[in-house]
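Notes for the structure review
Listed below, chain by chain, are the residues.
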Amino acid sequence: MVARRFVVRHGPAAAAGGSVEREEEEEHEVEYDTEHGLDVLRLQIFSLTAVPPDLQKIVVEADGLVVDDGTDLETVSERLRLLAIGEEEEDAAAAARAQEKSDEEFARMLQAEEEALLLQQYSIQNDGGDVFRQRVEPYMHQVLMYEDPVGQEAARKTVPICELEEKALVSLAKEGNFNPSNDEEKHGFLLQLLFWFKQSFRWVNAAPCDSCGRETSNVGMGTPLTSEIKFGASRVEIYRCNHCSSITRFPRYNDPRKLIQTRRGRCGEWANCFTFYCRAFGYDARLILDFTDHVWTECFSNLYGRWMHLDPCEGVYDNPLLYEKGWNKKLDYVIAISKDGVRDVTKRYTRKWHEVLSRRTITSEETVVAVLSSITGKYRTGLSTDALSVIENREKEESEELSKSAYLQVETALSLPGRLSGSVEWRKARSELGQADSLSCSSCPIRKCVDAHVSNIYDALSAFLSHFCDKKVPKERIIEVFDTLKTLMLTLKNSNFKSRSATLDQKTHHLFEEIFPSFERLLSAISLKAELGSAGHQSVTVAGNPIHSSLALPVALDAVNEILSNYKNNTSFTEGNHFPRGNRVCSGSVLASREQLPIGIATAAFDGIHSSKWEEPDGAKGCWLIYTMQAGKSCELESYDLMSANDAPERDPMDWVLEGSTDAGSTWNLLDARNSEMFESRFLRKTFTVDKRYKANAFRFRFLRVRESHSNPRFQIGSIDLYGKTV
């Protein structure tokens, strides 16, 4: 830990040779503690220059060194220059040096490859590839089981298909896509299938006791029974209960049709069963065998036009460097196995191909190609010319992709987690904890808030409360109305999203009769309508695109629950500080320092759903979020609400600053500052009044500290609601 003082220069660059004076250049002093990491320095520079961290290129002026995660910030010169990525005045000399360094690195990699191939000749087994073949070919029997139509139908029956379809469409709608293409729908469903599988399948460290369900200890291996061998369980682990001493058998089944019943295992069972599910739903899927003892899945994405990595154990997708960079795996062979044959896809999963080559000592590279080609040819006999043409064209494109992959540079800012599945002791023994035991995270793109429905729902419910207040309706009556409304919302939410409807009985109809205009307004905000049925009963049905209702119903239900809780707990309401209220700002865009993928993205703070949240993986000691109004609009902010998230109070914000900008973020003015704020419970909403009224078209939260910033690296917030007069 070293305290540094940097002088950061930002502005038009000097002419070639550096002899011309720089005009209109800004110079900023930054006090910085090297313990905090490069992200904090970028955040400090952002607050001074308005250049977002992901667009910053920081160069040491003395030698043109580009500052990245590998730079020793304790020793570099104090004078730094900031270049916004994409600016025409970017330093040409520094760019040339960087290119020269890249070319040198590429040449070294090629030389290392040649040396690895040379050494391979002296270390490989000269057995004609028999050992390699024996590692790969038995899996063909396994993947061919996926093609059983009866088994596929059984697999589909275990999946809540309608629920996953709705979740897929809602996830697209949250990005503003209410009319997705077929490829977008299928891609979205695949991701929801992955998330569902992650929650429904059970990881087994030690099998729980069959008698009492408590903890057991492994006492060795047993002989498989005939009924176990029938489903491919050639290995059976034996466990003794630590409490009742009963013996429990844990057969390691290989038959995916059995696994959809048992729904438990380790990575072998997980990948085997999930790949089967993918095939059951018509995806081109293949099992991925990693010789360093892991398995996962790949599916061909028509949306991306390429094969996509999916790890069901981790719930991670399209992150092929997870193992090498996240888990610190020393990969050697990664083989894709499908009904159409086998492929060596190792290059997709490494950026250190020359190092991987030095570990591929089972057989020569030529023999690997020959063995895989031989196996593949055997299983393609009988395919039609058209089917072969599709496969071969796809393989040609994949070969081109893989040939480039191994030589791509890894982004130094790319943060990938160590392994999360399995006990800590087991992961540590396998050296797969990686650099950090955290979830996957990413720098945050600019995201559009699709939340007009949230404001409309709050407006409608606010009209309910205003009516009750004006008429001096007793609290008991108000609670009865909202309890009935909650029951109606639950009925609608739990029904099929494509044909939602609920009948209003006479009591319910009478209850809403006196506030029917407000009730209709609420239904409209949820894309529902009330209509008279043929039997004279009034019912509530979907109006328009059903996904609008899918998006809005959870918001309405959470809001109604919150209102009920406030009334039942006698929470006081003060003018301007009650919930819900009108004038909520909506439909802006959000940019944040970082975000959690896939469920902790920045716009989750604005979606009106209590269970969602924005999570910043490294935000405990500083993070930021910028909310920009729709083009041409500005707002005089009157107040804002923050709600604590669902768990982990140590991640709650404690100190923060709110700023406003009239020029979309070039300059900022202080609007509000808070210190030592405490959220005493989960889903607790706090309202903060903004005393400094200021018309702005962008607002920036700088969260400076969470409740426990020393023992916890993360920041999270359940929701952010801005209120004010929009112009």
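Structural data are supplied above this passage.
A brief look at the structure comes next. (Residues numbered from 1 in each chain as written. Predicted model: local features only at pLDDT ≥ 70, side-chain atom pairs only at ≥ 80, totals over all residues. Heavy atoms only, no water.)

1. Side note on the packing of helix α6 (residues 161-173) against helix α20 (residues 546-568)
The contact between α6 and α20 brings their axes to 9 Å, and the two run at 85°. Here α6 is positioned roughly perpendicular relative to α20, judged by the angle of their axes. Two secondary-structure elements touch here, α6 through E166, L169, V170 and A173 and α20 through I547, S550 and L551. (Axes fitted to C-alpha atoms, helices over the stretch in contact; angles between N-to-C directions. Helix = DSSP H or I, 4+ residues; strand = E, 2+ residues; numbered from the N terminus. Parallel < 35°, antiparallel > 145°, perpendicular 65-115°, else oblique. Contact = heavy atoms within 4.5 Å.)

2. Describing the sheet that holds strand β18 (residues 501-504)
Hydrogen bonds between backbone groups are what pair the strands of a sheet, and the pairing can be parallel or antiparallel. Judged by pairing direction, the sheet is antiparallel, and its three strands sit side by side in the order β18-β20-β19 without closing on themselves. Sheet topology places β18 and β19 (528-532) at the edges, where each strand pairs with a single neighbour. Across the sheet, the mean angle separating the axes of adjacent strands is 25° when strand polarity is ignored. In this sheet, strand β20 (residues 538-542) lies alongside β19 in antiparallel orientation, the contact comprising five bridges. Across the sheet, E531 pairs through a bridge with S539, a residue of β20. Packed on one face of the sheet, helix α17 (residues 475-493) meets β18, β19 and β20 and runs near 150° to β18. Against the sheet, helix α19 (residues 516-525) engages β18, β19 and β20, with an angle of about 130° to β19. (Pairing = 2+ DSSP bridges.)

3. So, unusual backbone geometry
At the junction of F579 and P580, the peptide bond is cis and its omega measures out at -5° in the coordinates. Counting through the fold element by element, P580 comes out in the loop between α20 and β21 (589-592). Cis geometry is adopted by the peptide bond preceding P598, which originates at L597 and carries an omega value of 0°. Residue placement: P598 occurs in the loop between β22 (595-596) and β23 (614-616). Look at S245: it is not a glycine, yet its phi comes out positive at around 65°. Take S245: it is sitting in the loop between β7 (236-241) and β8 (247-251).

4. So, the pattern of salt bridges
When the charged atoms of two side chains lie near each other, side chains of opposite charge can form a pair. Scanning the model with the defined rule gives 55 salt bridges in all. In this structure, E153 engages R156 in a salt bridge whose closest nitrogen and oxygen atoms are separated by 2.8 Å. Of this pair, E153 and R156 both sit in helix α5 (residues 149-157), separated by three residues, roughly a single helical turn. For E153, a relative accessible area of 34% puts it in the partly exposed group. By relative accessible area, which is 24% here, R156 ends up partly exposed. One salt bridge connects R682 with D652, and the closest N-O pair in it is separated by 2.6 Å. Here R682 is found in the loop between β27 (669-674) and β28 (685-689), whereas its partner D652 is found in the loop between β25 (635-643) and β26 (653-661), with 30 residues between them in sequence. Taking relative accessible area as the criterion, R682 reaches 23% and is therefore assigned partly exposed. D652 sits in the buried class, given a relative accessible area of 1%. Residues joined in a network through salt bridges with shared partners are D451, E562, R581, R584, D641, R685 and D721. (Salt bridge = Lys/Arg side-chain N within 4 Å of Asp/Glu carboxyl O. Buried < 20%, exposed > 50% of the residue type's maximum accessible area, 1.4 Å probe, protein only.)

5. Structural notes on the nonpolar core
Ranked by internal contacts, the top residues of the largest apolar core, which has 51 residues, are F132, Y277 and I335. Take this core: its biggest share by element is nine residues, from helix α10 (residues 267-280). Two domains each provide a minimum of three residues to this core, namely domain 2 (131-201 + 263-406) and domain 3 (203-262). The next biggest cluster of nonpolar side chains, apart from the first, holds 43 residues, and it includes I515, F519, L523 and Y723. (Core = buried A, V, L, I, M, F, W, Y, C linked by side-chain atoms within 4.5 Å. Domains from an automatic or database assignment.)

6. With respect to the packing of α17 against helix α18 (residues 506-513)
Packed helices, taken two at a time, are described by the angle between their axes plus the distance between the axes. Where α17 contacts α18, the axes come no closer than 11 Å and their chain directions differ by 125°. Here α17 is positioned oblique relative to α18, judged by the angle of their axes. Where α17 crosses over α18, the handedness of that crossing is left-handed. Of the residues in α18, those touching α17 at R477, E480, V481, T484, L485 and L488 are K507, T508, L511 and F512. Taken together, the residues of the contact of α17 with α18 sort by class into five nonpolar, two polar and three charged. (Left-handed = near helix turned anticlockwise from the far one by under 90°. Nonpolar A, V, L, I, M, F, W, Y, C, P; charged D, E, K, R; others polar.)

7. Quick look at the packing of aromatic side chains
Geometrically, a pair of aromatic rings is defined through the distance of the ring centres and the angle of the planes. For the coordinates displayed, the defined rule picks out 35 aromatic pairs. When the centroid spacing of 5.0 Å and the interplanar angle of 80° are considered together, the rings of Y458 and F579 count as edge-to-face. Here Y458 is found in helix α16 (residues 452-470), whereas its partner F579 is found in the loop between α20 and β21, with 121 residues between them in sequence. Take Y458 and F579: they sit in the same class, and that class is buried. With 5.9 Å between their ring centres and 55° between their planes, F516 and F519 make a pair best called tilted. Taken together, the positions of F516 and F519, both in helix α19 and three residues apart, correspond to about one turn of that helix. Ring pairing ties together the aromatic residues W196, F197, F201, W203, W270, F274 and Y277, which thus form one cluster. Between the NZ or CZ atom of R685 and the centre of the ring of F579, over which it lies, the distance is 3.9 Å. (Phe/Tyr/Trp six-rings, centres within 6.5 Å; stacked < 30°, edge-to-face > 60°. Lys NZ or Arg CZ within 6 Å of the ring centre and 35° of its normal.)

8. Some thoughts on the sheet that holds β26
Judged by pairing direction, the sheet is antiparallel, and its six strands sit side by side in the order β17-β21-β24-β30-β26-β27 without closing on themselves. Of all the strands in the sheet, just β17 (447-448) and β27 have a single pairing partner and so form its edges. Helix α1 (residues 38-49) contacts β24 (623-628) and β30 (698-706) of the sheet and is inclined by roughly 40° relative to β24.

9. A closer look at the environment of P256
Along the polypeptide, P256 turns up in helix α9 (residues 256-262). Sequence-wise, P256 and Q152 are 104 residues apart; in three dimensions their C-alpha atoms are separated by 9.8 Å.

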